[in-house]
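# Commentary on secondary and tertiary structure
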Amino acid sequence: MAGPGAGDGRGRGGRAGRAGPAAGGGRPRGPRSAWEALPSGAEGGSGALPGGLGGAWARLRGSAAALGAAGALVVAGPLPAAQAAAPPPLAFQGFPASKPRAPAPATEGLSKEEQAAVDVFERSKPGVVFITNLQSARDRITFSTTEVPVGSGTGFAWDPRHIVTNFHVIKGASDLRVTLIDQRSYPASVAGFDEDRDVAVLRLDLGAAEAAQLRPLEVGTSEGLRVGQKVFAIGNPFGLDHTMTAGIISGVGREIVSPTGRPIRGAVQTDAAINPGNSGGPLLDRRGRLIGINTSILDPTGRGASAGVGFAIPVGTVRGIVDQIINFGQITRPVLGLVLAPDPLLAQLTQGQQEGVLVLEAAKGSPAEGVVTPTRRDQFGRLLLGDVILGIDGQPVKNSADLFRVLDSRKAGDTVLLKLLRGGAEEVERSVTLGSRVTKFDQATDG
């Protein structure tokens, strides 16, 4: 027998009649639908609802009786105060509530290759830093001077006190800030640089706690690199710190141009995405070892975005420069002691008929003084072209890049054989012992 209904005693038969709360004690049950929660007189308008609304409820209830019995229609509305007790949560019959599942670990299901890449990033990121280039600017109205950021780039820890980056990242800076993995920034000073190689070394004065967060990268080798090897680039492209991209070595032995126009030989080409802000960051092999410094991209569009052709200075070149700066505080380079004309000038003076490098001046006291004839004027003011360097140690010289390429493979004290065009007609050969150019921080002297 059905239990008592709600109020009017007219059970709706079967289940519906049992849905209302029990009258006069017993365990209360929540209504199966909102219809059965209505107070006495709701159908006839004789009690709980205002006049006129009771009839509306009755018609609506009658038209939806079938749906209500199936549990498909639930009216969401406040119950009268007498029955405002919240019913238990509703659940569709036949669809039991699902049990919550613990989230899977983030690294679950990674392939060996993916896990290896994750490991490289986790080991390397404490050694990669964000560098901000600050330069002094004067307010046009107040004439006050302030430092404003004009550029940014990436660097990496060579040891706990030194950061290596590209020279063009710090060029012109009045102040430098280095941001570590914990997002705290520290002032940095320039320990030394080689502008012709686009390499700079910064010095950090950190306490023991701060230095512990700066993990130097493992230095690998650029010898024996093969096209197709897996590589990773970590940097701060567009200010997005500690971004890693992956690719392969696309070419080796490339030649790129430094900010001074000098060639940099042996560059590593990669298709790992390199964008503005990546400059100065590390190029790593699959084991996370440093093999180069990301420095430039080939951008046919001129928009400064990656086109899949990036270049890194090989670590073999970087190591020699960094060691000289850290250990001796200077850079020593072999020189001829000559002032050379820009390549376009010779082409203009000879109407493009003569290749080589024109000598403008031989510095006083330099190895080439008295050996090489400089450009000069005669007693009538006419310009007399000096010697044109056609070759060095048997290698042809068509432009200044060819000359510098050979000099970069020599050291101070070596003797080289120059092939010269003298007077526009005569070819002669002269031996010159290379001198040294010593750069101490930002000052240079010839010796």
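What this report covers is the structure whose coordinates are included nearby. (Residues numbered from 1 in each chain as written. Predicted model: local features only at pLDDT ≥ 70, side-chain atom pairs only at ≥ 80, totals over all residues. Heavy atoms only, no water.)

## A look at unusual backbone geometry
- The backbone phi angle of Q183 is positive, close to 70°, even though this residue is not glycine.
- Inspection of the secondary structure puts Q183 in the loop between β4 (175–179) and β5 (185–194).
- Its identity as a non-glycine residue notwithstanding, F238 has a phi of 55°, on the positive side. (Helix = DSSP H or I, 4+ residues; strand = E, 2+ residues; numbered from the N terminus.)

## Points about the environment of D402
- The topology assignment puts D402 in helix α9 (residues 400–407).
- Put simply, D402 and I392 are 10 residues apart on the chain and 9.2 Å apart in space, counted from C-alpha to C-alpha.
- Once residues within four sequence positions are removed from consideration, D402 is found in contact with P396 and V397.
- Here the side chain of D402 touches R405 through a polar contact of 2.6 Å, side chain to side chain. (Contact = heavy atoms within 4.5 Å. Polar contact = N/O pair within 3.5 Å; in protein donor to acceptor, adjacent residues only side chain to side chain.)

## Let's talk about helix α4 (residues 112–124)
- For α4, which comprises 13 residues, the first-to-last C-alpha distance of 18 Å matches the rise-based estimate of 18 Å (1.5 Å per residue) to within 8%.
- Within the sequence span of α4, burial applies to A117, V120, F121 and S124. The buried side chains of α4 occupy one side of the element, clustering within an arc of 95° when seen end-on. (Expected span 1.5 Å × (residues − 1). Buried < 20%, exposed > 50% of the residue type's maximum accessible area, 1.4 Å probe, protein only. Arc of directions from axis to C-beta.)

## What about the environment of R287?
- Structurally, R287 can be placed in the loop between β10 (282–285) and β11 (290–297).
- Sequence spacing of R287 and V231 is 56 residues, and the spatial spacing of their C-alpha atoms is 9.0 Å.

## Concerning the sheet that holds β10
- Pairing within the closed barrel is antiparallel, and its 6 strands lie in the order β7-β8-β9-β12-β11-β10. For this sheet the average axis-to-axis angle between neighbouring strands, irrespective of direction, equals 45°.
- Judged from the 3 bridges that link them, β10 and β11 form a sheet pairing that is antiparallel. Its bridge partner lying in β11, L284 is registered against L290. (Pairing = 2+ DSSP bridges. Axes fitted to C-alpha atoms, helices over the stretch in contact; angles between N-to-C directions.)

## Observations concerning the pattern of salt bridges
- Summed over all chains, the structure comprises 18 salt bridges.
- Linking R289 and D285 is a salt bridge whose minimum nitrogen-to-oxygen distance equals 2.8 Å.
- Residue class for R289 comes out partly exposed when judged on its relative accessible area of 27%.
- Given a relative accessible area of 7%, D285 falls into the buried group.
- Beyond isolated ion pairs, a larger network of salt bridges with shared partners links D194, D196, R197, R262, R333 and D408. (Salt bridge = Lys/Arg side-chain N within 4 Å of Asp/Glu carboxyl O.)

## Considerations on the pairing of strand β18 (residues 388–392)
- Counting buried residues along β18, 5 of its 5 residues qualify, which places the element largely inside the surrounding structure.
- Bridge count between strand β15 (residues 357–362) and β18: 2 bridges; the pairing is antiparallel. Residue pairing in the sheet places L358 in a bridge with V388 of β18.
- Taken together, the 2 bridges between β18 and strand β19 (residues 395–396) define a ladder with antiparallel strand orientation. Looking at β19, one finds that I392 is bridged to Q395.
- Connecting β18 to the next strand, β19, in antiparallel fashion are 2 residues, including D393 with a positive phi near 50°.

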